[in-house]
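Inside the fold
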Amino acid sequence: MTHQWLLELQPDPDLAVEPALPSATVAGTAETLGTGPVQWAAQIAEAAGREILEQVPEHGGGQGPVTTLRRSIESAVLAAVRLLVSEPPPRVSALTDETREGCREFARRGIPLDQVLRGVRLGHGRLAHALAAAVDEHVAPDRRLAELRRVNDLLFVYADSHASLMAEEYIAERDRWRGSDEAARRALVDDVIAGRPVDAQAATRRLHYDISRTHLAAVLWCDDTGGNPPTAERLHRTAMAMTRTMAAAGMLLVPADNTSVWAWFTLADEDTAGRTERLRDSLDRQRDVRAALGPPASGPQGMRRSHLAALAAQRLAHRSQRWLCDYQEVRLVALATAEPEHAHWFVQDVLGPLASGGDRVRELRETLRVYLAEERSLRTAAERLHVARNTVTYRVKRAEELLPAATTTTGNSLELRLALEIAQHLHM
């Protein structure tokens, strides 16, 4: 017997969420369960992920870990739906590939097992609540109580088995990782990033990378971890291409999570002329890996500084369509958006109605941004925007009309220009 109501699950149309799982996995699951349940699972996973990150912030740490968490939750939710649909229900004997990868990442990052299992409990609680609401909506009143009991009983068994399997996977990976050379290398890198003192010569020998030289740090990641070749191979291939493009004397590559790596390149000097554009052209040819760059800097402290700047650039790059984000191109916005909520307040205060959404307002905002950046030159702004000068004049006038009375485009426009830059990078 198939419990048809589960195949009728539909996502909330007001809470559109893209599935976190690779597109091939989504398509294959949709063939079995239907598009509705897959999109419903994506919404439940996204909500569960938010709750877990609020309650157990150790699960966060950047876009890569958050994506891994979402995929693990999403695959577990879909596995639970498949379990509930089947009659008789199958025995839970294995984790999904995504959940296994999540366990391995938790172990490598040193997240305590009790925090991992707390996240599991929160996720199952969110799923149980959503399924109870779905039973009320889709099951006839005379069958509702029996179906709710069946769902609760099966979820209890699933949650217990799921947590036990995750603990076993976590412990096995933790024990393997603690004894590996990769863990020792990562520990050294973590010390450098944390600013703790290290023996430069010993670190150089262990890492096979001279930490006393001039470095340029990068974060490389894949938005889509499906497909062929595997993610790790694509990331390594791109790092090697960047090494060749910069004629770097050395490279250090450290896995950050299953979707990204941290890289450092040894530079002969700090001359940046044309480097970013050459890298951008090189990366554009890869077409499946994105990167964020830090500024060149020297010695162990330079490794740290360049890496932290690359992470700041990565935060902005996730909101951009560009394949490469250079910190030196966005450092002012990176500094101004270190506290995102405060940055949004600043933009709203300075821009007023010009901070609102909509394509038309964004067009006015972008025209004013370029106009001010080009020292109020109508001709240069028109050339950059590929429009007529009269169009720039009209848009600037309309944009000025939307600004609050306290904000003007004359005199010291530092706050205005900064607000416009923040709005552009945050895609407000």
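Residues numbered from 1 in each chain as written. Predicted model: local features only at pLDDT ≥ 70, side-chain atom pairs only at ≥ 80, totals over all residues. Heavy atoms only, no water.

As for the overall build of the protein chain
The line we're drawing: Working definition: helices are DSSP H or I runs of at least four residues, strands are E runs of at least two. Numbering for both runs from the N terminus. Here the term buried applies to any residue with accessible area under 20% of the maximum for its type, exposed to any over 50%, and partly exposed to those in between, with areas from a 1.4 Å probe on protein chains only. Whether two residues touch is decided by their heavy atoms; if any such pair falls within 4.5 Å, the residues are in contact. Accessible surface area values rest on a Shrake-Rupley calculation with a 1.4 Å probe, where residue burial reflects the displayed protein chains alone. Positive charges are assigned to Lys and Arg, negative charges to Asp and Glu, while His and the chain termini are left out of the count. For this purpose, a charge sits on NZ of Lys, CZ of Arg, CG of Asp or CD of Glu.
The helix and strand inventory of the protein chain stands at 17 helices and six strands. The principal-axis extent of the C-alpha atoms belonging to the protein chain is close to 70 × 60 × 35 Å. Every one of the 428 residues in the protein chain was classed for burial, and the buried ones make up 48%. For the protein chain, restricting intrachain contacts to residue pairs at least 6 apart in sequence, the fraction spanning at least 24 positions comes to 72%. About 21,000 Å² of surface is accessible on the protein chain, with carbon and sulfur atoms providing 50% of the total. Here the protein chain carries 52 positive and 58 negative side-chain charges, and the mean point of each set is 4 Å from the other.

Things to note about the state of the cysteines
For the record, the criterion: Two cysteine sulfurs form what is called a disulfide whenever their separation falls within 2.5 Å.
Considering all chains together, one arrives at zero disulfides under this definition. In this model C222 remains outside any disulfide bridge; the closest cysteine sulfur is found in C325, 17 Å from its own. Owing to a relative accessible area of 4%, C222 belongs among the buried residues under this scheme. Given the relative accessible area of 11%, C325 is considered buried.

Examining the layout of surface pockets
Convention followed: Cavities and pockets were defined on a 1 Å grid built over protein atoms only: a cavity is a set of grid points that admits a 1.4 Å probe from which the probe cannot escape, a pocket is an open set flanked by protein on both sides within 12 Å along at least five of seven lines, and lining residues are those with an atom within 4 Å of any such point. Grid points are joined across faces, edges and corners, and a volume is the space filled by probe spheres set on the points.
By volume, the largest pocket is sized at about 610 Å³. Around the largest pocket, the lining comprises 25 residues; the ones closest to its centre are G61, G62, Q63, G64 and Q314. The biggest single contributor to the lining of the largest pocket is helix α7 (residues 181-194), with four residues.

Some remarks on unusual backbone geometry
Here E375, not a glycine, exhibits a phi torsion of approximately 55°, which is positive. Phi angles above zero are rare outside glycine, and H386 is one such case at about 60°. Structurally, the position occupied by H386 is in the loop between α15 (378-385) and α16 (389-402).

What to know about the packing of helix α1 (residues 23-33) against helix α2 (residues 35-55)
For any two helices packed against each other, the geometry comes down to the angle between their axes and how far apart the axes lie. Stated formally: The axes used here are C-alpha line fits, helices contributing only the stretch in contact, and every angle between their N-to-C directions lies in the interval 0 to 180 degrees. Reported orientations rely on four angle classes, namely roughly parallel under 35 degrees, roughly antiparallel over 145, roughly perpendicular from 65 to 115, and oblique for the rest.
Between α1 and α2, the shortest axis-to-axis distance is 7 Å and the interhelical angle comes to 125°. Between α1 and α2, the angle falls in the class oblique. Contacts from V26, T29, A30 and L33 in α1 reach T35, P37 and V38 in α2.

With respect to the nonpolar core
Note that soluble globular proteins tend to have their nonpolar side chains buried in a common cluster. This is how it is decided: Remark: nonpolar core denotes a set of buried residues (Ala, Val, Leu, Ile, Met, Phe, Trp, Tyr, Cys) joined through side-chain atoms within 4.5 Å.
In terms of nonpolar packing, the biggest core is built from 52 residues, with V189, L252, W264, L351, L354 and L368 touching the most fellow members. Setting aside anything within four residues of it in sequence, one finds V189 in contact with L207, L252, V254, W262 and W264. Core analysis: the second largest hydrophobic core is formed by 47 residues, I52, L83, L84 and I111 among them.

Some points on empty space enclosed by the protein
For clarity, the threshold we go by: Under the scheme applied here, ten amino acids are nonpolar (Ala, Val, Leu, Ile, Met, Phe, Trp, Tyr, Cys and Pro), four are charged (Asp, Glu, Lys and Arg), and all others, including Gly, are polar.
Inspection of the entire model under this criterion finds two cavities of 30 Å³ or more. The computed volume of the largest cavity comes to approximately 210 Å³. For the largest cavity, the lining is made up of 19 residues, of which I73, G119, V120, G123 and H162 are closest to its centre. Broken down by secondary-structure element, the contributors of at least two residues to the lining of the largest cavity are α2, α3 (63-85), α5 (113-138) and α6 (141-178). The element that contributes the greatest number of residues to the lining of the largest cavity is α5, accounting for seven residues. When its residues are assigned to classes, the lining of the largest cavity shows twelve nonpolar, six polar and one charged.

Overview of the pairing of strand β1 (residues 214-221)
For clarity, the threshold we go by: The rule for pairing is simple: two strands pair if DSSP sees at least two bridges between them.
By the criterion of burial, β1 is predominantly enclosed, with eight of the eight residues buried. Side chains T214, L216, A218 and L220 project from β1 onto one buried face, and the interleaved H215, A217, V219 and W221 project onto a second face that is buried too. Across eight bridges, the pairing between β1 and strand β3 (residues 260-267) is antiparallel. Residue pairing across strands places W221 opposite S260, the latter belonging to β3. Here β1 pairs with strand β5 (residues 297-298) via two bridges, running antiparallel. Opposite T214, over in β5, you have S298 as the bridge partner. Pairing between β1 and strand β4 (residues 290-293): four bridges, direction antiparallel.

Observations concerning the pattern of salt bridges
Put simply, the rule is: The term salt bridge refers to a pairing of a side-chain nitrogen on Lys or Arg with a carboxyl oxygen on Asp or Glu at a separation within 4 Å.
For the structure on display, the rule yields 26 salt bridges. Linking R196 and D191 is a salt bridge whose minimum nitrogen-to-oxygen distance equals 2.8 Å. According to the relative accessible area criterion, R196 is partly exposed, its value standing at 44%. The exposure class of D191 is partly exposed, given its relative accessible area of 24%. K397 serves as the salt-bridge partner of E401, at 2.8 Å between the closest nitrogen and oxygen. You can see E401 and its partner K397 sitting in helix α16, four residues apart, about one turn around the helix. We classify E401 as partly exposed; its relative accessible area is 44%. Among the charged side chains, a salt-bridge network with shared partners connects E101, R104, R108, E169, E173 and R176.

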